[in-house]
Structures are given as structure tokens and as C-alpha cells.
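The chain contents come next:
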Amino acid sequence: MRNIWATALAILGLAGAWRAAGGSATLPPAPGPTPSLFAEGVVSTPDDEFGAAFTPDAKTVYFTKRTPTTNTAPLSFICVARMRDGRWQPPKIAPFSGERNDTGAALSPDGTRLYFASDRPMPGAAASRQDLNIWVVERSGDGWSSPRPLGPTVNTEADELGPSLAADGTLYFASSRPGGRGGLDLWRARAAGRDFGPAENLGEANSPGPDGAPAIAPDQSVLVFASAGRADALRGRGHLYPRSDLYVCVRHGDGFAAPRHLAPPINTESSESNPSFSPDGRSFYFSSDRGFAAIPMEPAVTADAFAAGLASVRSGWNNVYVVDARVLREGAP
């Protein structure tokens, strides 16, 4: 049976563990030019967390946690954390998530719709069909409606994942459908009522390898995405499993200029993925599995340091980082 996560793993950098997060994190100052952990101890923990989607007031964040990778099938859940009295409170699993693999939350600009990718069964589809599709829930009072899948202009029998919404409602996403340049390509569909018009391939932004997890700035001036296997990707020592790096494209007419590899300290020899923007476009968020361990370890790691590192936020699983979004334009035409 085909592994529906095969096309996503290289882009999302999925790995890690699930344990209940405790404590609360104080609202940090405005981000600077160097990435810092977001909501350390609440959103960013020793577990595997990735993605950050905010309500318009920036006081509620949706993100993804994933269970340990073992000999049983892992699960990914959409979680939600809320700010109270200037501090992020312990997250909970969102009411529409927790039964199937759900990942990559993205909110509409007005906060009334939340989009995510899921492997839950499509209505009327054959039981043997197992692919990722993009679903949406709509604000209903203080909660959300039941999830419904997007229409056939977005969802196909291929994998669709990584939704991101511009201020005018245009949807950016990744898909493995035919007509692309690689196994996973970036696509765009403009809003049309409660759904979307025909999907357009983003052309030069794509490569022969997997490209996904797009993040569009609210005004569509900048597109950031994750890609694996490009020649300029940073590579460290050790086993060369597929690691993704982040790339940025500046808006050029109705399309985008050629992608530019983001320099350190955003990209590292670890895997960077799942970019997103704050509602005002001033802060840039991304996930990274950078940790305390490297090859070679200098100085050599001790047993106590090793145990402490595994139990720390920098355990080597994904965390969410934040940086001033202006760094994306450095060196851009």
C-alpha cells in the first residue's frame, strides 16, 4: 500500500514525540534578525512541533504535533494555544482534529475559516483511496464547523497539502498532481465563492525535486517555501537523509522571480520547513529540527550532557522559530 506521507516527509521534516506540554511562555519582544524559539516550553517543547497559524489578533495560534515515529503508524494533530494575560497557555488538540492525520493549519485573513491537510476519507471516494487532501472548517460561534473537503479544482486523487492564504483569499498549496515539474509542486488557486477556481502551477518556482509548504505574505509580495534536493542546500555530516531548506521568491508581475536560498541563520545543516507569516506580515515563522547534537561533537558529549540534551527543547525534533520578516528581502532585487 502506498505510503501517503512519502511526498510530505522530505518537505515537512516530520519527526518527534508527543507528550503533554505544560507551563506558559511570556509574550516575547518583537523578533529580531536572528531566529529565536517561539513560545518556548509551550509551543516549542522537546516534542515535534511545526507550523504556526495565527488568528487576526495574534492571540491564538494553531500548530501541528506529531506522535513518536515507531513501528506503529504515527499521527499528526492540529493543536491550539491561546494567550492570556500576555502569556501563552498550554495547548489543546483542536476540536476538529485528533482522529486522523491532520497537518499544516492555515487561517483565512479574517479568521473565519481554517484550512488543513488530512488523510481522512473523502466523501463518496473508494475506501482504497488514501491521499492527502485540503479540508476547511468554518467559524461557528466560539468553535468550528465539521470539516469539509475543498472541491475538485484543488483536491485530486494525488496529494494536496500545505495550504496558505493571501489577504485576497488566494490559496497557495502543494500537490503531486500531473502537470508539475517534480514529484511535489507549488500551485495557486484564486478564491471563487466558498471554494476556488482552477489551480495554476507556479512554474519557475518549482524544481525537479519536492517543493512544498508554501507561505505567502498577506500582500503576496513574497513567497517562501521548503524544497529538498537542490544543489545549494546546506549539507552536514552524518547520514544524508532528505533535509529541506527554505527558499524565497519575490513577486514579479503576476508571478514570482527565481527562488533564492535563504542564508544562515535561517537555513542550517538541519531541516528547515513549514514557513508562515504573522497576520501583519512583520514576523516570519518556520520550523527547524536543529538541536544540541552535531558530528563531530566538540567537545565530546558526556552522559549527563547527552541526557540533558535529549530532554531539552533543543532535543533535535522540530521547534517553531520566529524572526523579523525583513530578513527575507535582504539581497533580493
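Residues numbered from 1 in each chain as written. Predicted model: local features only at pLDDT ≥ 70, side-chain atom pairs only at ≥ 80, totals over all residues. Heavy atoms only, no water.

Caption draft 1: Spotlight on the overall build of the protein. The number of helices and strands found in the protein is two helices and 24 strands. Within the protein, the proportion of its 333 residues that are buried is 53%. Put simply, of all contacts in the protein between residues at least 6 apart along the chain, 55% involve residues at least 24 apart. When the accessible surface of the protein is split by element, carbon and sulfur atoms take 55% of a total near 14600 Å². (Helix = DSSP H or I, 4+ residues; strand = E, 2+ residues; numbered from the N terminus. Buried < 20%, exposed > 50% of the residue type's maximum accessible area, 1.4 Å probe, protein only. Contact = heavy atoms within 4.5 Å. Areas by Shrake-Rupley, 256 points an atom, 1.4 Å probe, with all protein chains shown as cover.)

Caption draft 2: Examining the pattern of salt bridges more closely. Under the counting rule described, the total for this entry stands at 17 salt bridges. With its nearest N and O atoms 3.4 Å apart, the salt bridge here joins Glu138 to Arg148. Placement of the pair is Glu138 in strand 10 (residues 133-140) and Arg148 in strand 12 (residues 148-149), with a sequence separation of 10 residues. Of the residues examined, Glu138 reaches a relative accessible area of 24% and is grouped as partly exposed. Among the charged side chains, a salt-bridge network with shared partners connects Arg188, Arg190, Glu200, Arg251 and Asp254. (Salt bridge = Lys/Arg side-chain N within 4 Å of Asp/Glu carboxyl O.)

Caption draft 3: Region of interest: the pairing of strand 23 (residues 283-288). The buried fraction of strand 23 is high, at six of six residues. Pairing geometry for strand 22 (residues 272-277) and strand 23, over four bridges, is antiparallel. Bridge assignment links Glu272 to a residue of strand 23, and that residue is Ser288. Between strand 22 and the antiparallel strand that follows it, strand 23, lie five residues; Gly281 among them carries a positive phi value of about 75 degrees. (Pairing = 2+ DSSP bridges.)

Caption draft 4: Spatial organisation of a positive patch on the surface. Where like charges cluster on the molecular surface, the positive patch consists of Arg82, Arg84, Lys92 and Arg139. With respect to the helices and strands, the residue Arg82 is situated in strand 5 (residues 76-84). Note on Arg82: relative accessible area 43%, which makes it partly exposed. (Patch = residues over 30% accessible without salt bridge, like charges linked within 9 Å, V, L, I, M, F, W, Y side chains within 5 Å. Lys, Arg positive; Asp, Glu negative; His and termini not counted. Charge placed at Lys NZ, Arg CZ, Asp CG, Glu CD.)

Caption draft 5: Spatial organisation of the sheet that holds strand 14 (residues 171-175). Ordered by their spatial adjacency, four strands build an open sheet running 13-14-15-16, and the pairing between neighbours is antiparallel. Two strands bound the open sheet, and with one partner strand each, they are strand 13 (160-165) and strand 16 (195-201). Neighbour-to-neighbour, the strand axes of the sheet open up by a mean angle of 30 degrees, direction not taken into account. In terms of strand pairing, strand 14 meets strand 15 (residues 185-192) through five bridges, oriented antiparallel. (Axes fitted to C-alpha atoms, helices over the stretch in contact; angles between N-to-C directions.)

Caption draft 6: The arrangement of the sheet that holds strand 23 in detail. Within the open sheet, the four strands sit side by side as 2-24-23-22. Their pairing is antiparallel. Looking at strand neighbours, the two that pair on one side only are strand 2 (36-37) and strand 22, the edges of this open sheet.

Caption draft 7: A look at the nonpolar core. Counting residues in each nonpolar core, the largest one holds 20 residues, and the members touching the most others are Val224, Leu246, Ile266, Phe277, Phe284 and Leu328. If you list the elements that add at least two residues to this core, you get strand 17 (211-216), strand 18 (222-228), strand 19 (244-252), strand 23 and strand 24 (319-324). Tallying contributions element by element places strand 18 first for this core, with three residues. Residue contacts for Phe284: discarding those within four places in its chain leaves Val224, Leu246, Pro275, Ser276, Phe277, Tyr321, Val322, Val323, Ala325 and Leu328. Ranked by size, the runner-up nonpolar core spans 15 residues in total, among them Phe38, Ala39, Phe54 and Cys79. (Core = buried A, V, L, I, M, F, W, Y, C linked by side-chain atoms within 4.5 Å.)

Caption draft 8: Geometry of the packing of aromatic side chains. Evaluation of the coordinates by the stated rule reveals 15 aromatic pairs. Their ring planes at 75 degrees and their centres at 6.2 Å tell us that Tyr62 and Trp144 sit as a pair that is edge-to-face. Here the residue Tyr62 occupies a position in strand 4 (residues 60-66), and Trp144 occupies one in strand 11 (residues 143-144), the gap between them amounting to 82 residues. Given a relative accessible area of 1%, Tyr62 falls into the buried group. With centroids separated by 5.8 Å and ring planes inclined at 20 degrees, the aromatic side chains of Phe286 and Tyr321 adopt a geometry described as stacked. Here the residue Phe286 occupies a position in strand 23, and Tyr321 occupies one in strand 24, the gap between them amounting to 35 residues. Grouping residues by exposure puts Phe286 and Tyr321 together as buried. One aromatic cluster in this structure is built from Phe38, Phe54, Trp88 and Tyr285. Against the face of Tyr321 rests Arg290, its NZ or CZ located 4.9 Å from the ring centre. (Phe/Tyr/Trp six-rings, centres within 6.5 Å; stacked < 30°, edge-to-face > 60°. Lys NZ or Arg CZ within 6 Å of the ring centre and 35° of its normal.)

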